[in-house]
Amino acid sequence: TSNIDSTYKNYLIKLTDVHPSTDAELRFRVFHGGSIVDGSNTYLYAWTRYRSDNDSSNDAGGNNHFDLSVDNVGSANHEAFNGEIILYNPSGTTHYKAIQLTATNIDGLSATNHITASTTVVSTNAIDGVRFYLSSGTIDSAVIKLYGVS
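Quick caveat: nothing in here was measured; it's all calculated off a predicted structure.

A. Examining the overall build of the chain more closely. Across its full length, the chain carries 0 helices and 11 strands. Listing every helix and strand of the chain by position from the N terminus yields β-β-β-β-β-β-β-β-β-β-β. Over its C-alpha atoms the chain spans a radius of gyration of 15 Å, differing by no more than 12% from the 15 Å that the globule rule assigns to 150 residues. Along the first, second and third principal axes, the C-alpha set of the chain runs to 40 × 30 × 25 Å. Counting across all 150 residues of the chain, residues that qualify as buried make up 40%. At a minimum sequence separation of 6, the contacts of the chain that also span at least 24 residues come to 73%. As displayed, the chain offers around 7200 Å² of accessible surface, 44% of which is attributable to carbon and sulfur atoms.

See below:
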């Protein structure tokens, strides 16, 4: 996804019915100057997940990507990932980049998950694009929309 620039102060990304070809984690990275950002511990994260089978958890740390689904998104016909991501001032060059996620998905065990998460991209460079990808396999189908928010 491109078209992220200084036209709007913040951006909202809506992900609807993201369905993987095989059970896999849904991941996210940003671009600076057209280049993917994937350095070690570049994405500092914190998340909480509530599951319908009462196996709730939380975690924090650093990685070379932002793990949106926390665990695998299921690939059965009734399983999918849905969520909203807010990019706060992605064109700014003073502060590290703050990104927030609120999502729900049905995982590979058919449990419903409610996820709240945040990541900080450890860079003051402007974000000019994002990439969604899976830990394995491909995205079979999805609706991904980008909205500018002033």
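B. The side chain of Arg51, seen in detail. Along the polypeptide, Arg51 turns up in strand β4 (residues 43–51). In this structure Arg51 touches Ser56, Asp71, Asp107, Leu109, Ala111, Thr112 and Asn113, once residues within four positions along its chain are discounted.

C. Quick look at the nonpolar core. Residues Phe28 and Ile85 are the most contacted members of the largest nonpolar core, which totals 30 residues. Residue assignment for this core shows that the elements contributing at least two residues are β1 (10–20), β2 (26–32), β4, β7 (81–88), β8 (97–106), β9 (112–121) and β10 (129–134). It is β1 that contributes the most residues to this core, 4 residues altogether. Other than its neighbours up to four places away in sequence, Ile85 contacts Tyr11, Leu12, Ile13, Leu15, Phe28, Leu68, Ile99, Gln100, Leu101 and Phe132.

D. Summary view of a nonpolar patch on the surface. Together, Leu44, Tyr96 and Val122 make up an exposed nonpolar region whose accessible area comes to about 260 Å². Positionally, Val122 belongs in the loop between β9 and β10.

E. The sheet that holds β1, seen in detail. Taken in spatial order, the 7 strands line up as β5-β4-β9-β8-β7-β1-β11 in an open sheet, and their pairing is antiparallel. Since the sheet does not close on itself, it has two edges, and those belong to β5 (57–63) and β11 (139–149), each with one partner. The sheet shows a mean angle of 15° between the axes of neighbouring strands, taken without regard to direction. When β4 meets β9, the two strands line up antiparallel, connected through 9 bridges. Paired with Tyr45 across the strands is Thr119, a residue of β9.

Reading guide: rules and limits
Residues numbered from 1 in each chain as written. Predicted model: local features only at pLDDT ≥ 70, side-chain atom pairs only at ≥ 80, totals over all residues. Heavy atoms only, no water. Helix = DSSP H or I, 4+ residues; strand = E, 2+ residues; numbered from the N terminus. Rg over C-alpha atoms; globule rule 2.2 N^0.38 Å. Buried < 20%, exposed > 50% of the residue type's maximum accessible area, 1.4 Å probe, protein only. Contact = heavy atoms within 4.5 Å. Areas by Shrake-Rupley, 256 points an atom, 1.4 Å probe, with all protein chains shown as cover. Core = buried A, V, L, I, M, F, W, Y, C linked by side-chain atoms within 4.5 Å. Patch = residues over 30% accessible without salt bridge, like charges linked within 9 Å, V, L, I, M, F, W, Y side chains within 5 Å. Salt bridge = Lys/Arg side-chain N within 4 Å of Asp/Glu carboxyl O. Pairing = 2+ DSSP bridges. Axes fitted to C-alpha atoms, helices over the stretch in contact; angles between N-to-C directions.

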